[in-house]
Each structure stands twice: as C-alpha cells, then as structure tokens.
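# Chains, contacts and geometry: an overview
If you want the building blocks of each chain, they are given just below.
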Amino acid sequence: MSISNITVFMPSVLTLIGIPGLETVQCWIGIPFCVMYLIAIIGNFLLLIIIRSERSLHEPMYIFLGMLGVTDIVLGTSIVPKMLGIFWFHVPEIYFDSCLLQMGLIHTFQGIESGILLAMALDRYVAICYPLRHSAIFTHRLVTQIGALVTLRAALLVAPSLVLIKCRFQFYHTTIISHCYCEHMAIVKLAAENVRANKIYGLFVAFIVAGFDLTFITLSYAQIFFTVFRLPQKEARLKAFNTCIAHMCVFLQFYLLAFFSFFTHRFGAHVPPYIHILFSSLYLLVPPFLNPLVYGAKTKQIRIHVVKMFSS
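Residues numbered from 1 in each chain as written. Predicted model: local features only at pLDDT ≥ 70, side-chain atom pairs only at ≥ 80, totals over all residues. Heavy atoms only, no water.

Where an unreviewed UniProt entry is consulted, the chain appears under the name Olfactory receptor, with the organism given as Lynx canadensis. The Sequence similarities (unreviewed entry) comment attached to the chain in UniProt states, word for word, "Belongs to the G-protein coupled receptor 1 family." (UniProt positions renumbered as here; feature names shortened; annotations may be inferred.)

So, about the packing of aromatic side chains. Overall, the coordinates contain twelve aromatic pairs when judged by the stated rule. Taking the centre distance of 5.9 Å and the plane angle of 40° together, the rings of Y201 and F204 count as tilted. Remark: F204 and Y201 occur in helix α8 (residues 196-229); sequence separation between them is three residues, near one turn of the helix. Relative accessible area serves as the criterion here: at 43%, F204 is assigned to the partly exposed category. Between the aromatic rings of F212 and F216, the centroid separation amounts to 4.8 Å while the plane-to-plane angle is 50°, which identifies the pairing as tilted. Linking F212 with F216, this pair stays in helix α8, spanning four residues, or about one helical turn. (Phe/Tyr/Trp six-rings, centres within 6.5 Å; stacked < 30°, edge-to-face > 60°. Helix = DSSP H or I, 4+ residues; strand = E, 2+ residues; numbered from the N terminus. Buried < 20%, exposed > 50% of the residue type's maximum accessible area, 1.4 Å probe, protein only.)

With 83 residues, the main nonpolar core has I165 and I177 as its most contacted residues. In terms of residue count, helix α4 (residues 96-129) provides more of this core than any other element does, 15 residues in total. What I177 contacts, discounting residues up to four positions off in sequence, is L14, T15, L16, I17, C99, C182, A186, I187 and L190. (Core = buried A, V, L, I, M, F, W, Y, C linked by side-chain atoms within 4.5 Å. Contact = heavy atoms within 4.5 Å.)

This brings us to unusual backbone geometry. One non-glycine residue, M10, lies in the positive phi region at around 45°. You can see M10 is positioned in the loop between β1 (8-9) and β2 (13-16). Owing to a relative accessible area of 39%, M10 belongs among the partly exposed residues under this scheme. In this structure, H90 is a non-glycine residue whose phi angle is positive, near 55°. Checked against the element boundaries, H90 lands in the loop between α3 (60-89) and β3 (93-95).

Let us now look at the state of the cysteines. Per the counting criterion, the structure on display carries one disulfide. Covalently, C99 is tied to C182 through a disulfide, its sulfur atoms 1.9 Å apart. One disulfide, between C99 and C182, carries an S-S torsion of -115° and so falls in the left-handed class. Within this pair, whereas C99 is found in helix α4, its partner C182 is found in the loop between β5 (176-177) and α7 (184-188), the two being separated by 83 residues in sequence. Of the residues examined, C99 reaches a relative accessible area of 0% and is grouped as buried. C34 provides the cysteine sulfur closest to C27, a residue in no disulfide bond, and the two sulfurs are 13 Å apart. (Disulfide = S-S within 2.5 Å.)

The next thing to look at is the packing of helix α2 (residues 26-53) against helix α11 (residues 300-311). Closest axis-to-axis distance for the α2/α11 pair is 10 Å, and the angle between their directions is 95°. One way to sum up the angle between α2 and α11 is to call them roughly perpendicular. The residues of α11 that touch α2, namely those facing L46, L47, I49 and I50, are I302, H305, V306, M309 and F310. For the contact of α2 with α11, the per-class residue count stands at eight nonpolar, one polar and no charged. (Axes fitted to C-alpha atoms, helices over the stretch in contact; angles between N-to-C directions. Parallel < 35°, antiparallel > 145°, perpendicular 65-115°, else oblique. Nonpolar A, V, L, I, M, F, W, Y, C, P; charged D, E, K, R; others polar.)

Here S281 shows up in helix α10 (residues 273-298). Look at S281 and you get buried, because its relative accessible area is 1%.

The subject of this paragraph is the UniProt feature "transmembrane region" (unreviewed entry) in the chain. Under the UniProt annotation, the feature "transmembrane region" (unreviewed entry) is placed at residues 28-50, 62-80, 100-122, 142-165, 200-228, 240-262 and 274-295. A helix fraction of 100% and a strand fraction of 0% characterise residues 142-165, whose end C-alpha atoms lie 36 Å from each other.

Structural data, given as structure tokens:
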C-alpha cells in the first residue's frame, strides 16, 4: 500500500483535542487556568506600569524584570485563549501555519525567559560581589544589548525547527494532536516520515539553552552565597540575601517545571499523557502567574509603589 493511501498529505488544518483522558472535566480545568492567566496579565502589566512611571526603578534589575513581564504576557497569551477555546467552546481546529506560529512563539519566548533569568542572576552577582563596579558594568546600553542578544539567540535557535517541519514533512499519520497547544514534539510525532533530525535538533536546542543558562545561573548564585556568608555583619548578610530570594524562587519554579515536563515527554513512557500535558501547561502558566506576585511581595521598592498607586 502506498504512503498516500494511509496518510494525510500536507494538512491545512490540525485538531487539538485538549487533555486526553480528562475531556469530561476540561471545562472545570479551564477555570483555574483562566484565573492564573488573568492574574498574570494584570500583575505583569501593573509591574510594567510601575517600572516605566517611576524613574527610581530605571535600574538594570527592574529593566530585566520589565523584560520578564513582557515575555510572560506573550507566553500566556500564546496558549491560554486557544486552550480555553478548546475547553469551553469546543473549537479544537487550528490552521497548520497558525499551529507552527504558536509553537514558534512558545519556544522562542521560553528561550527568552531563560536568558533573562540568566541576565538577572549575573546582575545580582555583580551587584553583591562587586558593588562599586556595578553601575559601571551594567550600563543601560549593556542592558539593551543583553535584551537584544537574548531575543536573537532564542529566535535563531527556534527558527530551524520550524523550517525542518515545514519543509521536510509532507505526509502525516494523523491531523489530531493529543495536546492542548502546539508543541514541537507533539507536531513531530504526527509525521509519517523520518523525524530523527527533528528530535536531535530539539534535544540540541533544549540542552544548549537550559544547559548553558542553568550552569551560569548556578555558578552566579553559588558565588553570591560565598560572598554573602563572608560578610562580617548579620544585617548586611540578611539584606544581601533578601535581594536574591525573589530571583531564586522564580529561577527554581521555572527550571523544576521545565525539566519535569521535558523528561516526562521524552523518556516517561509509563507516565499517563494527561500528567505530562497538565505539567507542561503549568510550566507555561505558573511562571507568568507567580513572577509578579513573588517580585511584588519580596521587592521592597515595587511593594512601596504598588501601595502608593492603590492608596492614591
């Protein structure tokens, strides 16, 4: 039997079925997802307004936080509206090119968020270990260059995966994606052709981004801890340590969810699909939801301006 008799040739529309095994309760799952998305949008927009309007917050740490807020807004908006359309309004269809666009946005902004977390760790490292040189090193020009470099790196690494899918694959086993959003491996698994190159490149990008960023973030915080614990005064140690608490909380929740999602998707053959899909969805939704809450609660300057904004 020829391949064209058992496969679909260049489908124009794909179908996202949501969360396999939990179809009957998807409408209820959509409620906490929607609440997290709304809090993420409102919280991150509030952070951006405060950082933009207060000149005292025009410092590298807060500029990076603003970049993180923009990234979180785009990440959440890339997946939640379509996800709620599947859960609540039973609209599972998505154009193939729109699916690739969603995949590109998700993975690009995941890479950008990882790069921004690295930049924030390096900023804290210089601020605590070399405080007298911080303003000379982290100039506004350098911050702008770091933002551009992080964005360019993510875009250049993700673009080939889109090209490999669009140009290499013509025949697909099915047009049904067992997921609630378009993700690289979920699309690749549909193909009825050799997907080895796509899988290898996906692993390469994941280890390049996560491996590089995670290594230098860990080294930065290790050096910060060594420096903080050598400070002679207890008050100075507490103050320096407190400036890093919010960063470490955001860093830990981002990478713990990322690694669980990554390894269960590729190596967790015995993990039920709905567990993987729930965690991969939370991996994209929890950081945008928690970041403004964590920074709002743990960063004194932002907390003061939030209180001032609401009291006025």
